[in-house]
Amino acid sequence: MASSLIERLTRKKPVSRLVADTADSGDGHGHLGRSITLFQLTMFGVGATIGTGIFFVLSEQVPVAGPAVVISFVIAAVTAGLSALCYAEMSSMIPVSGSSYSYAYATLGEGVAFFVAACLVLEYGISAAAVAVGWAEYVEKLLSNLTGIVLPGWMTKGPITLPDSDNPFAMAFFGDGSGLINLPAVILVALCCLLLLRGSKESARTNAIMVLIKLAVLTLFIVIAGSAFNAANFTPFFGEKGFNGVQAAAASIFFTFVGLDAVSTAGEEVVNPKRNLPLAIISALVIVTSFYVLVAVAALGVQPASQFGGQEAGLATILQNITGAAWPANLLAAGAVISIFSVTLIVLYGQSRILFAVSRDGMLPAIFHDVNPRTMTPVACTIIVSVFVALIAAFVPAGLLWDLTSMGTLVAFTVVSAGVLILRYTQPDMQRGYRVPFGPVLPILSIIACIYLILRLSGIVFAITGVWIAIAALLYFTYSARHSRLEAPDNAVGEAAQ
């Protein structure tokens, strides 16, 4: 008998069944191998986070908040920290792919879970594209400095421009400063796709190496910039928009903490997940926040806030201006090219695992959770995700992409925090590898902080998100609800495992 609309929207997938579905069903679907260690998983979080907020978001947000952008980073970090504690508890209870989608399925029902998945797909896809666009700036600078080659404008920028920064709706096609396609960004996505197709173990190992290079390069920047630090650059502390600018910048910067969610998407491929997932999430948060604040303070200490606006490959340019030599800037640009690769790599990984989980639950076609028996990776899903991201990176400017990613990240963090509260009430005796301290207080504060930042996002972000949710609703009501594994429990993946 078919379920009613309300029953479909509110039905929940038991935690035991979520875990059981990770077992090998023998049909080529739904089984991923556990090979990622605690260190590699921590590097997942660091790799997917550091790079976006530091290597090029400063040029976007310092004009908004002034030197007080340091406070914006702290606000975003505190909000992310509250959510990270909730992620740690949820991931220790439900160590599966799908991240907040899977957590929402167990706590809030299928309808909320599906729309959370839609937000996550938007979040991850846009984030990967935004990072790829920023990566292209460092490639251009590195090529120019080392070889004198200047890439033509038609192949380094998309055809869409945002000519009026105060009116984000004023988009133009083939306007001043536009090009035909951002080819370096497309190449980056293609390279990440090829690496992911080789397998999670190889991807995790490569990412760890790139992250260590990234941290070394940023440490170099902090040391050199510290030698030329001038406290006068922090006056005036607030930008023209005052504390409103600080809040707006914090909302935009928040997307850089997507790495915390990316850690939980690897839950099905982690060794000893109940222990390693919480440790990796909290460790990544500490490392990321420390580097964000130190680099932001160092950058603002050596360059007036007025010079950040529109500055491409900002950190490399700052080093070149400080030293008067090209080699520090070249070294940092090379490090950025390598390390930002890791951000795109992990974000693409996370998005493919979310679609994998939704497909395994029957709400997307089975091709999304077909697993290659040799590499133990969802090959078709990875390719589809990469093509989607490459198209966005090729044609859409980075300025519009940042805030869209923040919306998806904040929605996901809100849902996870709510899930902790619900499972504390509905399944208080369930085994937890980690418990958020201070009872319901911290999860509630996390929800409030996330909603606070959501309300600071621009109107166009809400408009595009609304259109995206409408498309997701059409897909859910015409296909996903009727094909859900919970619609026909006897055919559910993992039923035999129970």
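What you see is a predicted model; the values in this text were computed from it and never measured.

K.L.:
When you look at helix α7 (residues 100-107) in this model, what are you seeing that I'm missing?
P.N.:
Three or four residues apart is the spacing at which side chains of an α-helix point the same way, because the helix has 3.6 residues per turn. Of all the eight residues making up α7, eight are buried; the element is thus mostly covered by neighbouring parts of the structure. Every buried residue of α7 is accounted for by S100, Y101, S102, Y103, A104, Y105, A106 and T107. Directly beyond the C-terminal end of α7, a positive phi value near 105° is found at G109.

K.L.:
What is the right way to look at unusual backbone geometry in this model?
P.N.:
Glycine aside, the phi torsion of most residues is negative, and most peptide linkages are trans. Note that the residue after T235, namely P236, is joined by a cis bond; omega there is -5°. Tracing the chain through its elements places P236 in the loop between α10 (200-226) and α11 (242-253).

K.L.:
I keep staring at the packing of aromatic side chains and nothing clicks. Help me out?
P.N.:
For any pair of aromatic rings, geometry is given as the distance between the ring centres together with the angle between the planes. Tallied over the entire structure, the rule returns 11 aromatic pairs. Consider the rings of Y101 and Y105, whose centres lie 5.7 Å apart with planes at 50°: the pair is tilted. On the criterion of helical spacing, the pair formed by Y101 and Y105 is a turn pair, its members being four residues apart in helix α7. On the basis of relative accessible area, Y101 is assigned to the buried category, the value being 0%. What makes Y105 buried here is its relative accessible area of 1%. With centroids separated by 5.2 Å and ring planes inclined at 75°, the aromatic side chains of Y476 and F477 adopt a geometry described as edge-to-face. On the accessibility criterion, Y476 (0% relative accessible area) is buried. Judged by its relative accessible area of 42%, F477 is partly exposed. An aromatic cluster of at least three residues, connected via ring pairs, comprises F114, F115, Y476 and F477.

K.L.:
Where do I start with a nonpolar patch on the surface in this structure?
P.N.:
Taken together, the side chains of F438, V441, I444, L445 and I448 define a hydrophobic patch exposed on the protein surface, amounting to about 490 Å² of accessible area. Tracing the sequence through the fold places F438 in the loop between α17 (398-426) and α18 (441-454).

K.L.:
Mind showing me how you'd approach the environment of M210 here?
P.N.:
Assignment of secondary structure puts M210 in helix α10. Counting along the chain gives 131 residues from M210 to F341, while the straight-line C-alpha distance between them is 7.9 Å. Apart from the residues within four sequence positions on either side, M210 is in contact with I338, S339, F341, S342 and L345.

K.L.:
Just checking my understanding: could you explain the packing of α10 against helix α13 (residues 273-302) for this structure?
P.N.:
Each pair of packed helices can be summarised by the angle the axes make with each other and by the distance between the axes. Viewed as axis vectors pointing N to C, α10 and α13 meet at an angle of 35°, and their least axial separation amounts to 9 Å. For the element pair α10 and α13, the recorded crossing hand is left-handed. In contact with L215, L218, T219, F221, I222 and A225 of α10, α13 contributes I287, F291, L294, V295, A298, A299 and V302. Among the residues making up the contact of α10 with α13, the classes are represented as 12 nonpolar, one polar and no charged.

K.L.:
Looking at this structure, how should I read the nonpolar core?
P.N.:
If you look at soluble globular proteins, the nonpolar side chains tend to sit buried side by side. In this structure, I94, F221 and L315 are the most contacted members of the largest nonpolar core, which totals 149 residues. For this core, the leading source of residues is helix α8 (residues 110-147), giving 20 residues.

K.L.:
What is the right way to read the confidence of the model for the chain from this model?
P.N.:
Parts of the model with low pLDDT should not have their predicted coordinates read in detail. Scored by pLDDT, the chain has a mean of 79; 86% of the residues are at 70 or more. Below a pLDDT of 50 lies the segment residues 25-29, which in the model reaches six contacts outside its immediate sequence neighbourhood of four places, other chains included. Low pLDDT, under 50, characterises residues 490-498; the stretch is placed with 15 contacts to residues that sit more than four places away or in other chains.

K.L.:
Looking at this structure, I do not really get the side chain of S446. What am I missing?
P.N.:
Along the chain, S446 falls in helix α18. The exposure class of S446 is buried, given its relative accessible area of 0%. A polar atom in the side chain of S446 sits 2.9 Å from the side chain of S83.

The rules behind the values
- Residues numbered from 1 in each chain as written.
- Predicted model: local features only at pLDDT ≥ 70, side-chain atom pairs only at ≥ 80, totals over all residues.
- Heavy atoms only, no water.
- Buried < 20%, exposed > 50% of the residue type's maximum accessible area, 1.4 Å probe, protein only.
- Helix = DSSP H or I, 4+ residues; strand = E, 2+ residues; numbered from the N terminus.
- Phe/Tyr/Trp six-rings, centres within 6.5 Å; stacked < 30°, edge-to-face > 60°.
- Patch = residues over 30% accessible without salt bridge, like charges linked within 9 Å, V, L, I, M, F, W, Y side chains within 5 Å.
- Areas by Shrake-Rupley, 256 points an atom, 1.4 Å probe, with all protein chains shown as cover.
- Salt bridge = Lys/Arg side-chain N within 4 Å of Asp/Glu carboxyl O.
- Contact = heavy atoms within 4.5 Å.
- Axes fitted to C-alpha atoms, helices over the stretch in contact; angles between N-to-C directions.
- Left-handed = near helix turned anticlockwise from the far one by under 90°.
- Nonpolar A, V, L, I, M, F, W, Y, C, P; charged D, E, K, R; others polar.
- Core = buried A, V, L, I, M, F, W, Y, C linked by side-chain atoms within 4.5 Å.
- pLDDT = per-residue confidence, 0-100.
- Polar contact = N/O pair within 3.5 Å; in protein donor to acceptor, adjacent residues only side chain to side chain.

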